[in-house]
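Listed below are the residues making up each chain.
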Amino acid sequence: MALEANYFSDYMVVRPDKGGMVDLFYLLYSFDVSDNRSIECPIGTEVKQIRRRWAIFISLLLQRTLLFWRKPLAWVGAAVEFWLNLLTDNHGFGSLFLNLLRDIKSSTYRSAVGFIDTRVDLDKKIKPTDEKYHAALSIMAAKLSYENETRIQIIIRDHWNMEFVEFYSCWNDEQEDFTTQAFVFRDKPVDAELIVVAFRGTEPFNANQWCTDFDFSWYEIPQVGKIHGGFMKALGLQKNTGWPREIEESKKRPYAYYAIREKLRHLLHQNEKAKFLVAGHSLGGALAILFPTILALHEETWLLARLEGVYTFGQPRVGDEKLGEFVEKHLDKPKQRYFRFVYCNDMVPRLPYDGSTLLFKHFGSCLYYNSLYKVKVMAEEPNKNYFSLWTVVPKYLNAAWELIRSFLIGYVEGSEYKEGWPLKLFRTFGLVIPGIPPHFPQDYVNSTRLGTSLIPGYVTESIKLD
């Protein structure tokens with residue numbers, strides 16, 4: 001591919017749509033991966049570590065499995081959301097009949113994530129002047145990103161008293177589909193002081209988005225570092241042009257990075273005092289931190305000067321240690337602007353594997369919340385790779401506690417924290433795989449509302465202590 005050869009100093013791209021089973025299993029026996037049809041990399045590239053070849057093998061296998069089940073998974077997801085909407089809002093035969101006719105794009109039609117956490121209002125106890133207001137607003141925006149455009153507009157206008165600006169469904173050139181969604185809103189229509197960009201995370205039944213998560217491809221950009229290939233493709237990396245500064249292609253098919261960058265330029269020029277936040281949960285968190293990273297790569301100093309903060313929740317690793325140094329140089333100096341939230345045993349922030357096998361590293365400070373929503377600021381979350389044998393028993397005990405807590409928290413903290421039966425069902429599933437239920441936005445919303453205030457001086461000092 002001309003893109004990799006001309007734009008990146010090194011790269012390895014796994015291609016689940018190419019090659020066959022022979023290529024897949026040949027990975028386990030051959031050092032030279034450049035002649036494998038399922039991998040694109042410089043000629044003569046060797047992967048001598050068996051653990052690294054196993055990781056590539058697992059990545060390809062998972063992606064091929066997801067692509068095979070893509071349509072059935074989408075059908076199941078659509079059916080689950082339809083019946084949840086049908087049954088939850090049914091108050092009699094007449095209501096049942098009306099719900100059958102309801103458009104999935106209507107303002108009352110909720111996503112699967114919207115059923116896990118039904119809250120739509122901002123916490124009125126947290127004022128715009130409070131230190132944790134931006135974090136609380138960011139997680140609600142990240143959670144809202146899973147809904148359809150009409151529902152997003154109504155909630156922002158009627159519940160938040162803010163102005164919806166635009167919804168984006170953006171093109172992924174590698175997957176040849178509109179797999180990346182985001183939206184932009186601002187605190188008021190005239191003389192806005194705060195603009196928020198929220199990226200949608202991985203939808204539970206979207207195979208393409210899961211493929212993005214499991215895509216362990218990487219690209220190395222000179223002077224920047226290695227970046228997760230799947231997330232770069234979702235943000236707007238194009239097959240034959242890399243990260244061009246021109247926007248002609250973005251006008252034909254919207255690519256997330258270019259479309260949102262142009263909108264921010266327009267909005268920020270309307271008020272020289274306005275700042276912007278970038279937020280996201282899960283996959284959305286990965287895109288949220290990579291968006292200003294590419295701004296820095298393109299030397300968009302004017303835009304970066306207007307960046308107030310980046311808030312990610314349950315974000316997976318996006319690159320190597322060198323990338324972390326690049327991001328910290330441009331985002332956390334002279335003041336800290338990148339805040340990475342991790343709740344308890346959430347599995348996703350502990351992926352991809354941190355070690356010599358894949359070279360992925362977290363960077364910036366981690367705001368780690370335990371199951372009592374007590375915060376500690378750390379360089380890295382505990383049990384950073386999740387699968388440590390020493391933490392198996394504590395994880396299952398904590399999953400049992402979270403299930404018990406789901407029946408109690410509404411009485412202890414108030415009715416807005418009451419958990420419905422869909423979330424209780426997922427908490428029960430956590431007794432089997434304890435790392436999945438903590439990933440849903442519910443606990444991140446609770447963390448920003450019930451947890452300790454984010455005092456900037458406290459954040460900096462805590463990192464020094466750890």
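The structure we're discussing is the one just above.
Residues numbered from 1 in each chain as written. Predicted model: local features only at pLDDT ≥ 70, side-chain atom pairs only at ≥ 80, totals over all residues. Heavy atoms only, no water.

**A few points about the overall build of the protein chain**
As a reminder of what qualifies: Comment: elements are numbered from the N terminus, with helices defined as DSSP H or I runs of at least four residues and strands as E runs of at least two. Each residue is placed in one exposure class: buried if its accessible area under a 1.4 Å probe, protein chains only, is under 20% of its type's maximum, exposed if it is over 50%, and partly exposed if it falls in between. Using a 1.4 Å probe, the Shrake-Rupley method yields the accessible areas, and only the shown protein chains count as cover for residues.
A count of helices and strands for the protein chain gives 19 helices and twelve strands. Relative to its full complement of 466 residues, the protein chain shows a buried share of 57%. If you sum the accessible surface of the protein chain, you get close to 20700 Å²; carbon and sulfur atoms cover 61% of it.

**Some details on the sheet that holds strand S6 (residues 218–221)**
For clarity, the threshold we go by: Strands pair, by our definition, only if DSSP identifies at least two bridges between them.
With respect to topology, four strands assemble into an open sheet ordered S2-S1-S6-S7, the strand pairing being antiparallel. Of all the strands in the sheet, the pair left with one neighbour each is strand S2 (39–40) and strand S7 (225–228). Taken together, the four bridges between S6 and S7 define a ladder with antiparallel strand orientation. The residue bridging Ile-221 from the neighbouring strand is Gly-225, located in S7.

**Considering the nonpolar core**
Quick note on the threshold: Here, the term nonpolar core denotes a set of buried Ala, Val, Leu, Ile, Met, Phe, Trp, Tyr and Cys residues that are joined through side-chain atoms within 4.5 Å. It only takes one pair of heavy atoms within 4.5 Å for two residues to be counted as in contact.
Membership of the largest hydrophobic core comes to 54 residues, with the highest contact counts inside it found for Phe-199, Leu-264, Phe-276, Val-278 and Phe-291. The leading source of residues in this core is helix H13 (residues 283–297), at eleven residues. Ignoring sequence-local partners within four residues, the contact set of Val-278 consists of Val-197, Phe-199, Ala-288, Phe-291, Leu-307, Gly-309, Val-310 and Tyr-311.

**Overview of the pattern of salt bridges**
Close approach of charged atoms lets side chains of opposite charge pair. Threshold: What makes a salt bridge here is a side-chain nitrogen of Lys or Arg within 4 Å of a carboxyl oxygen of Asp or Glu, nothing more.
Evaluation of the coordinates by the stated rule reveals 26 salt bridges. With a shortest N-O distance of 2.7 Å, Asp-158 and Arg-157 are connected by a salt bridge. A salt bridge links Arg-200 to Glu-203, with the shortest nitrogen-to-oxygen separation between them at 3.5 Å. For Arg-200, a relative accessible area of 9% gives the class buried. One connected set of salt bridges, linked through shared partners, spans Asp-123, Lys-125, Glu-416 and Arg-449.

**Observations concerning the pairing of strand S9 (residues 307–313)**
Burial of S9 is extensive: six of the seven residues sit out of reach of the surface. Judged from the six bridges that link them, strand S8 (residues 275–281) and S9 form a sheet pairing that is parallel. Following the sheet pairing, His-281 is matched in S9 by Phe-313.

**Some thoughts on the packing of helix H7 (residues 133–144) against helix H18 (residues 441–450)**
Quick reminder of the rule: Lines fitted to C-alpha atoms define the axes here, with helix axes fitted over just the stretch in contact, and angles between the N-to-C directions of these axes take values from 0 to 180 degrees. For classification, angles of less than 35 degrees are called roughly parallel, those exceeding 145 degrees roughly antiparallel, those between 65 and 115 degrees roughly perpendicular, and all remaining angles oblique. For any helix crossing, the convention is left-handed if the near helix is rotated counterclockwise from the far helix by under a right angle, and right-handed if that rotation is clockwise. As a working rule, the residues Ala, Val, Leu, Ile, Met, Phe, Trp, Tyr, Cys and Pro are called nonpolar, Asp, Glu, Lys and Arg charged, and the rest polar, with Gly in that last group.
Look at H7 against H18: their axes get within 9 Å of each other, and the N-to-C directions meet at 165°. Classed by the angle they form, the pair H7 and H18 counts as roughly antiparallel. For the crossing formed where H7 meets H18, the hand is left-handed. Together, Ala-135, Ala-136, Ile-139, Met-140 and Lys-143 of H7 and Pro-441, Tyr-444, Val-445, Thr-448 and Arg-449 of H18 make up the contact between the two elements. Grouping the amino acids of the contact of H7 with H18 by side-chain chemistry returns seven nonpolar, one polar and two charged.

**Considerations on unusual backbone geometry**
Here Lys-333 and Pro-334 are connected by a cis peptide whose omega angle stands at 10°. Mapped onto the fold, Pro-334 is located in the loop between helix H15 (321–331) and strand S10 (338–343). In this chain, Leu-351 is followed by Pro-352 through a cis amide linkage whose omega measures -15°. Relative to the assigned elements, Pro-352 resides in the loop between S10 and strand S11 (365–369). Even without glycine at this site, Ser-282 takes up a positive phi of about 65°.

**A few points about H18**
Most of H18 is tucked away: nine of the ten residues are buried. Taken together, the buried positions of H18 are Pro-441, Gln-442, Asp-443, Tyr-444, Val-445, Asn-446, Ser-447, Thr-448 and Arg-449.

**As for empty space enclosed by the protein**
Our working rule: Space inside and on the surface of the protein is sampled on a 1 Å grid over the protein atoms alone, with a cavity defined as a set of points where a 1.4 Å probe fits but cannot get out and a pocket as an open set with protein on both sides within 12 Å along at least 5 of 7 lines; lining residues have an atom within 4 Å of a point. Grid points are joined across faces, edges and corners, and a volume is the space filled by probe spheres set on the points.
Under the definition given, this model contains five cavities of 30 Å³ or more. In this structure, the largest cavity occupies an estimated 90 Å³ of space. Of all the secondary-structure elements, those providing two or more residues to the lining of the largest cavity are H7 and helix H8 (149–159). The leading source of residues in the lining of the largest cavity is H7, at three residues.

**What about the sheet that holds strand S5 (residues 194–199)?**
Note on sheets: strands pair through backbone hydrogen bonds, and any given pair is parallel or antiparallel. Taken together, the eight strands give an open sheet; going across it, the order is S3-S4-S5-S8-S9-S10-S11-S12, and neighbouring strands pair in mixed fashion. Taken across any chain shown, the strands that pair with only one partner, and hence form the sheet edges, are strand S3 (163–172) and strand S12 (375–378). Ignoring strand direction, the axes of neighbouring strands in this sheet form an average angle of 20°. Pairing of S11 with S12 involves four bridges; the strand directions are antiparallel.

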